[in-house]
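Per-entry structural report
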Amino acid sequence: MAGAVEAKLAELGLPLPGVVPPLASYQPAVQSGVYVYTSGQLPMVDGQLAVTGKVGAEVTPDEAKELAKTCALNALAAVKSVAGDLDRIARVVKVVGFVASATDFTGQPAVINGASELLGAVLGDKGVHARSAVGVAVLPLDAPVEVEIQVELTGA
């Protein structure tokens, strides 16, 4: 049975995806105490990247913002895989976003807003977080965006 968070996702037309399998030797998410840390989540949909390339070159900033939203959805799926229920999220503590950027692209914060805005829309005040948005030369599989999150959980 889906809880309030998944109901909100459904209301927004965003069903929670399955957990993206790891591309290498790591876990999609781990829990330590009351915190869940996700690995970097790529904008995978049904096991595939819909778009590849650098933001500001092959990928527009608006496309990249949507991809960051997909990364955040994948991160929530990873959180659920260890927490059992997204309603256990007390708050999103930190979001780190990486943007594979053309050399002259400086709009990384606006791209990662896709993830931040999704978390706010789904979790309300619990989705307000600290954040870093970093431009990088390249990401795995030539993904344009990668997002990781840290959440604090409530008790059982």
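This report concerns the structure included in the present document. (Residues numbered from 1 in each chain as written. Predicted model: local features only at pLDDT ≥ 70, side-chain atom pairs only at ≥ 80, totals over all residues. Heavy atoms only, no water.)

**What to know about helix α1 (residues 4-11)**
Selection rule: Type-normalised accessible area, obtained with a 1.4 Å probe on protein chains alone, sets the label of each residue: buried when under 20%, exposed when over 50%, and partly exposed for intermediate values. Think of it this way: any DSSP run of H or I at least four residues long counts as a helix, any run of E at least two long counts as a strand, and we number them from the N terminus. An arc is given here, and it is the one of the directions from the helix axis to the C-beta atoms. Residues are treated as being in contact if the distance between any of their heavy atoms lies within 4.5 Å.
Listing the buried residues of α1 in full gives Val5, Glu6 and Leu9. For α1, the arc enclosing every buried residue in end-on projection is 95 degrees, short of the 170-degree limit, so these residues lie on one face. Among the exposed residues of α1, those oriented more than 90 degrees off its buried face are Ala4, Ala10 and Glu11. Considering only its buried residues, α1 is in contact with α2 (61-83) and α3 (108-123). Positive backbone phi, approximately 75 degrees, marks glycine 13, located one or two places after α1.

**Remarks on the packing of α1 against α3**
Geometrically, a packed helix pair is captured by the angle between its two axes and the distance between the axes. Convention followed: Only the stretch in contact is used when a helix axis is fitted, and all axes are lines through C-alpha atoms; the angle between N-to-C directions ranges over 0 to 180 degrees.
At a closest axis distance of 9 Å, the pairing of α1 and α3 adopts a crossing angle of 115 degrees. Facing Val5, Lys8 and Leu9 of α1, the residues of α3 in contact are Ala121, Val122 and Leu123.

**Some thoughts on the sheet that holds strand β2 (residues 35-38)**
Rules: Any two strands between which DSSP finds at least two bridges are classified as paired.
Taken in spatial order, the five strands line up as β1-β2-β7-β5-β6 in an open sheet, and their pairing is mixed. Each end of this open sheet is capped by a strand with a single partner; those strands are β1 (29-32) and β6 (130-136). Neighbouring strand axes in the sheet, compared pairwise and without regard to direction, differ in orientation by 15 degrees on average. Pairing analysis gives seven bridges linking strand β5 (residues 89-100) to β6, with the strands arranged parallel. Residue pairing in the sheet places glycine 97 in a bridge with alanine 133 of β6. Across the sheet, α2 is in contact with β1, β2, β5 and β7 (145-153); its angle to β7 comes to roughly 40 degrees. Sheet strands in contact with α3 are β5, β6 and β7, and its direction is about 160 degrees off that of β5.

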